[in-house]
Amino acid sequence: MSLVEKVLAQASRTPSAVALVAGDGAELTYGELRRQVLSVHHGLRENGLRPGDGVLFSVRPSPESLVLAIAVVAAGGCVIFADPGAGPEMFTARMRLARPRWSAAESLLYAASRLAPVRAYARRRGLLLPNLSALDVGRHVYTGRRLPGVPTGALALKRLLRTSPAGPDPITDPDAPAAVIFTSGTTARPRAVVHTGASLSAALGLLRERVPLGPGDVVHTDQLMLGLPTLASGARWSLPPLTGSAALFAEQLRQRRATHTYCVPVRLAEVLDAAGGPLPPSLRHILLGSAPAPAGVLRRAVAAAPHAQVLSVYAMTEMLPVALATAADKIAHVAGGDPGDLLGAPLPGVRVSFAADGELLLAGPNRSPGYLGEPPSPWLPTGDLARLDATGRLVLLGRKKDMLIRGSFNLYPGLYEPAVTALPGVAEAAYVGVPDPVHGDERVVLAVVADDPAAAAALPARLRRDLPGIVDHDALPDDIVVLPGLPRAGRGRKVDRQALRDLVTPGQAAS
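Note that the structure is a prediction, hence the values are computed from the model and not measured. (Residues numbered from 1 in each chain as written. Predicted model: local features only at pLDDT ≥ 70, side-chain atom pairs only at ≥ 80, totals over all residues. Heavy atoms only, no water.)

Asker: Can you help me understand the overall build of the protein in this one?
Answerer: Across its full length, the protein carries 16 helices and 28 strands. For the protein, the C-alpha atoms occupy an extent of roughly 70 × 50 × 45 Å along the three principal directions. Looking at the protein residue by residue over its 511 residues, the buried ones come to 54%. The contacts of the protein with a sequence gap of at least 6 include a subset with a gap of at least 24, amounting to 62%. Entry remark: accessible area of the protein is about 22,200 Å², with carbon and sulfur atoms responsible for 55%. Treating the 53 positive side-chain charges of the protein as one cloud and the 44 negative ones as another, the clouds have centres 8 Å apart. (Helix = DSSP H or I, 4+ residues; strand = E, 2+ residues; numbered from the N terminus. Buried < 20%, exposed > 50% of the residue type's maximum accessible area, 1.4 Å probe, protein only. Contact = heavy atoms within 4.5 Å. Areas by Shrake-Rupley, 256 points an atom, 1.4 Å probe, with all protein chains shown as cover. Lys, Arg positive; Asp, Glu negative; His and termini not counted. Charge placed at Lys NZ, Arg CZ, Asp CG, Glu CD.)

Put into structure tokens, the structure is as follows:
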């Protein structure tokens with residue numbers, strides 16, 4: 001069964017159970033979820049959606065967007081996630097590659113991308129939107145109330161929801177593309193990951209094997225790739241508001257008696273700050289992902305939720321998930337002086353290999369079949385440098401593209417940053433290289449954030465004293481810069497190394 005079929009089958013078994021709680025507290029039962037999906041599925045098919053049609057999806061997380069996305073896949077379509085805010089040139093390049101036949105967007109986005117006054121306002125705020133109404137597609141679907149700018153003839157989701165469901169639950173082709181997710185690339189060569197129903201279903205199986213989910217559980221997250229497994233298992237998906245604060249996130253964990261939650265590490269640190277004390281005793285699992293979890297955040301999470309298992313998830317868009325490590329194991333790895341970031345043992349079915357330069361290569365049933373428009377390859381190059389320890393666990397050494405060159409020594413930041421972050425007084429740490437116009441090599445800068453701003457001035461001197469005992473001599477930084485925070489980008493809130501490099505360029509920061 002595909003992931004969509006599993007969600008619909010679960011909805012048939014438990015129609016009166018609550019499937020979804022929206023950010024504003026509105027509830028949707030499994031029975032109503034199933035009815036809405038089947039109505040929209042039937043309405044899309046009646047209006048011409050055919051198997052294989054790509055649907056550009058520009059709708060923020062909400063119950064309505066979930067229903068629409070599931071219905072598209074149930075009808076045989078493929079949901080294409082391509083951020084219209086990526087810039088007109090990048091968006092145009094992505095559309096040339098994806099060639100969607102449908103577009104689904106919020107009415108506000110159609111208005112903002114078409115009406116001159118709204119476009120000008122968005123441009124002043126740094127957002128350059130393409131004209132979605134001018135896309136070369138057969139049909140448009142919009143959510144929300146109709147606004148000026150919505151294309152003539154566009155289908156209202158509200159109208160589709162009133163379509164009478166017809167026939168049995170749809171059966172989908174597990175090997176057909178279900179989702180296309182644009183990740184990296186350039187305007188000349190955009191890259192998009194293709195997932196099928198089978199690869200997403202395999203990911204669900206691996207996750208549930210390691211993190212049990214079932215009726216009675218409440219999963220608080222805005223992440224679709226955790227929300228769908230939640231619905232397939234009969235648990236309740238609790239959605240935080242789109243722009244909710246960390247304090248509200250923490251409060252909803254308590255109010256909704258969440259048993260599971262997922263955060264990026266930076267967000268969890270904000271939630272712990274806002275909570276100001278223990279997290280609710282209902283929590284059994286705290287999952288962290290999208291970026292390395294510093295030992296300090298892990299220790300705080302364990303202290304705030306001693307009743308919960310804190311897990312760090314190693315995954316990528318191309319393969320969900322790959323490995324999980326407990327907070328206890330990661331903290332012990334750092335405390336033992338072992339270099340690198342412990343990722344954990346590969347999950348069942350995940351196959352591991354290494355390129356000659358140490359790059360991690362992966363394969364398995366949960367892997368994406370490949371990139372849109374590119375030939376398939378037997379192994380997925382991750383861009384991560386890694387090794388297996390004596391017990392068969394993966395240890396991340398760093399990103400290939402983050403490597404710094406110092407003479408004949410290749411410095412991989414990920415190999416040393418966990419150990420630096422684990423030092424007393426250090427909240428965060430990141431290595432970057434600044435070109436040295438005299439010697440040609442990179443000048444290595446260690447940027448740190450102090451636990452206590454009052455002690456920030458003394459931190460560089462203490463680090464110069466302590467670092468020789470925990471990092472290789474060739475990895476000792478030329479400069480140590482204390483910053484109030486590390487610049488971050490993207491939904492995963494990863495360190496933006498280019499922005500950090502600009503911050504620590506001589507003349508822009510003190511060391």
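Asker: I'm lost on helix α1 (residues 3-13) in this one. Help?
Answerer: Residues separated by three or four positions in an α-helix point in the same direction, a consequence of the helix having 3.6 residues per turn. Residues of α1 that are buried: Leu-3, Val-4, Glu-5, Val-7, Leu-8, Gln-10 and Ala-11. For α1, the elements touching its buried residues are α2 (30-46), α3 (63-74), α8 (197-210) and α9 (224-233).

Asker: Even after reading the chapter, I still don't get empty space enclosed by the protein, so can you show me in this structure?
Answerer: In this approach a probe as big as a water molecule rolls over the atoms, and the regions it shows empty are the leftover space. Tallied over the entire structure, the rule returns 2 cavities of 30 Å³ or more. Lining the largest cavity are 16 residues; nearest its centre among them are Val-4, Val-73, Ala-178, Leu-200 and Leu-228. Where the lining of the largest cavity is concerned, the elements lending two or more residues are α1, α3, β4 (78-81), β8 (177-185), α8 and α9. A per-element tally of the lining of the largest cavity places α3 first, with 4 residues. Taken together, the residues of the lining of the largest cavity break down into 14 nonpolar, 2 polar and no charged. The computed volume of the second largest cavity comes to approximately 40 Å³. As for the second largest cavity, its lining consists of Leu-207, Val-211, Leu-213, Val-219, Leu-226, His-260 and Leu-287. (1 Å grid on protein atoms, 1.4 Å probe; cavity = no way out; pocket = protein on both sides within 12 Å on 5 of 7 lines; lining within 4 Å. Points joined across faces, edges and corners; volume = space filled by probe spheres on them. Nonpolar A, V, L, I, M, F, W, Y, C, P; charged D, E, K, R; others polar.)

Asker: Can you walk me through unusual backbone geometry in this structure?
Answerer: Excluding glycine, residues mostly have negative phi values, and the peptide bonds linking residues are mostly trans. Not every positive phi belongs to a glycine, and Arg-99 is a case in point at roughly 50°. Its location among the elements puts Arg-99 in the loop between α4 (88-98) and β5 (102-106). Taking the relative accessible area as the measure of exposure, Arg-99 reaches 65% and is therefore exposed. One non-glycine residue with positive phi stands out, namely Arg-257, at about 50°. Its place among the elements puts Arg-257 in the loop between α10 (246-255) and β12 (260-263).

Asker: Just to check I follow, could you spell out the nonpolar core for this structure?
Answerer: As a rule of thumb, nonpolar side chains are buried together in soluble globular proteins. Ranked by size, the top nonpolar core spans 44 residues in total, and within it Leu-33, Val-40, Leu-44, Leu-66, Leu-68, Val-141 and Leu-231 carry the most contacts. The biggest single contributor to this core is α3, with 9 residues. Once you skip the residues sitting within four places of it in the chain, Leu-66 turns out to touch Leu-20, Leu-33, Leu-224, Leu-228, Leu-231 and Trp-237. Membership of the second largest hydrophobic core comes to 28 residues, among which are Leu-207, Val-211, Leu-226 and Met-319. (Core = buried A, V, L, I, M, F, W, Y, C linked by side-chain atoms within 4.5 Å.)

Asker: Explain the environment of Thr-196 here, please?
Answerer: Within the fold, Thr-196 resides in strand β9 (residues 190-196). Relative accessible area serves as the criterion here: at 7%, Thr-196 is assigned to the buried category. Separated by 123 residues in the primary sequence, Thr-196 and Val-73 have C-alpha atoms spaced 9.9 Å apart. Each residue touching Thr-196, except ones within four places of it in the same chain, is listed here: Pro-174, Asp-175, Ala-176, Pro-177, Ala-178 and Pro-369. For Thr-196, the side chain forms a polar contact with the main-chain oxygen of Pro-174, separated by 3.5 Å. (Polar contact = N/O pair within 3.5 Å; in protein donor to acceptor, adjacent residues only side chain to side chain.)

Asker: So what exactly am I meant to see when it comes to the sheet that holds strand β21 (residues 394-399) here?
Answerer: Strand order in the open sheet formed by 5 strands is β16-β21-β20-β18-β17, and the pairing between neighbours is antiparallel. Two strands lie at the open edges of the sheet, namely β16 (341-344) and β17 (351-354), each paired on one side alone. Geometrically, the sheet is characterised by an average inter-axis angle of 50° between neighbouring strands, direction not taken into account. Here β17 pairs with strand β18 (residues 359-363) via 4 bridges, running antiparallel. Residue pairing in the sheet places Val-352 in a bridge with Leu-362 of β18. Sitting on the sheet, helix α13 (residues 327-335) touches β16, β20 (380-388) and β21, and the angle it makes with β16 is about 145°. Along the sheet, helix α14 (residues 413-421) makes contact with β16 and β21, crossing β21 at roughly 110°. (Pairing = 2+ DSSP bridges. Axes fitted to C-alpha atoms, helices over the stretch in contact; angles between N-to-C directions.)

Asker: Would you take a moment to explain the packing of helix α12 (residues 295-304) against α13 for this structure?
Answerer: Between two packed helices, what matters for the description is the angle formed by their axes and the separation of those axes. Where α12 contacts α13, the two axes come as close as 10 Å, and the packing angle between them is 140°. The orientation of α12 relative to α13 falls into the category oblique. The handedness of the crossing between α12 and α13 is left-handed. Across from Leu-298, Arg-299 and Val-302 in α12, the residues of α13 making contact are Ala-327, Lys-330 and Ile-331. Its residues assigned to classes, the contact of α12 with α13 shows 4 nonpolar, no polar and 2 charged. (Parallel < 35°, antiparallel > 145°, perpendicular 65-115°, else oblique. Left-handed = near helix turned anticlockwise from the far one by under 90°.)

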